Amino acid sequence: MPENKTKPSGFFPEIIEVGIVSVINDQVCDQFSAYVKPTHFPILTERCKSFLNITQEQIDQGISFTELIRWLKEYDRLRPTVITWGSMDMKVLRHNCLQSNLPFPFTGEHRDLAMEYKMFFGERNQPGLRKAVQEYGKEGVGKPHCALDDAFTTYNIFKLVEKDKKYLSKPEQPTIGERVDFSQLLKKFAL
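A word on the pattern of salt bridges. One pass over the structure, following the stated rule, counts eight salt bridges. Note that R111 is salt-bridged to E162, the shortest N-O span being 2.8 Å. In this pair, R111 is assigned in strand 4 (residues 110-112) and E162 in helix 7 (residues 147-168), connecting sequence segments 51 residues apart. A cluster of three or more residues bridged by salt bridges with shared partners is formed by R111, E116, E162 and K165.

Spelled out as structure tokens, the structure:
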């Protein structure tokens, strides 16, 4: 994050923290969290440190962006559906890959849950993650803007939204066997 609202010449955002919650069949099977050392803008601004509640030392001890891509490729072996709250994380990841001349690590589907939430509830504006979960009468996990805590909060609201979507799906049409009680019909025509 730049120190003020104006972007310095050549500035672009870099991934500095990652949080992943891996879920298979509604069960959390793995989680991953790490700080990531920025490649192009290694010194964090005071605004960034304050907003994310992190220190320069935490970032300096993080993994490299190349290591991050290796980790993400490992997750991609299962061809997961990647679910994020908003599209920015994937845009920044894609741009960072281009800047570092590395392949984008995900080959599967990506779903922007914030957009799905907005469309599902007919919201005019896309709500923040914590506000959306509070609208369900719940609280977010841990600290806001902590990548792993936000990943768990995203998973929790994903479950709630998917449950609500089920109420809107059309029930399957009953079969003729379910509509007609053939035992009663046979009794009527029995000799």
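This paragraph deals with the packing of aromatic side chains. A full pass over the atoms with the stated rule returns nine aromatic pairs. Here F104 and F106 contribute two aromatic rings whose centre-to-centre distance is 6.1 Å and whose plane-to-plane angle is 75 degrees, an arrangement assigned as edge-to-face. Ring pairing ties together the aromatic residues W85, Y117, F120, F121 and Y136, which thus form one cluster. The residue whose ring lies beneath R94 is F104, and the NZ or CZ to ring-centre distance is 3.8 Å.

Our next topic: helix 4 (residues 88-99). End to end, helix 4 covers 16 Å across twelve residues, agreeing with the expected 16 Å (1.5 Å per residue, within 8%). Within helix 4 the residues assigned to the buried category are M90, V92, L93, N96 and C97. The arc that holds every buried residue of helix 4, seen down its axis, measures 160 degrees, which confines them to one face. In helix 4, the exposed positions angled more than 90 degrees off the buried face are occupied by K91 and L98. For helix 4, the secondary structure elements touched by its buried residues are helix 3 (65-76), strand 3 (82-84) and strand 4. N101 sits one or two residues past helix 4 and shows a positive phi near 55 degrees.

What counts, and at which threshold
- Residues numbered from 1 in each chain as written.
- Predicted model: local features only at pLDDT ≥ 70, side-chain atom pairs only at ≥ 80, totals over all residues.
- Heavy atoms only, no water.
- Salt bridge = Lys/Arg side-chain N within 4 Å of Asp/Glu carboxyl O.
- Helix = DSSP H or I, 4+ residues; strand = E, 2+ residues; numbered from the N terminus.
- Phe/Tyr/Trp six-rings, centres within 6.5 Å; stacked < 30°, edge-to-face > 60°.
- Lys NZ or Arg CZ within 6 Å of the ring centre and 35° of its normal.
- Expected span 1.5 Å × (residues − 1).
- Buried < 20%, exposed > 50% of the residue type's maximum accessible area, 1.4 Å probe, protein only.
- Arc of directions from axis to C-beta.
- Contact = heavy atoms within 4.5 Å.

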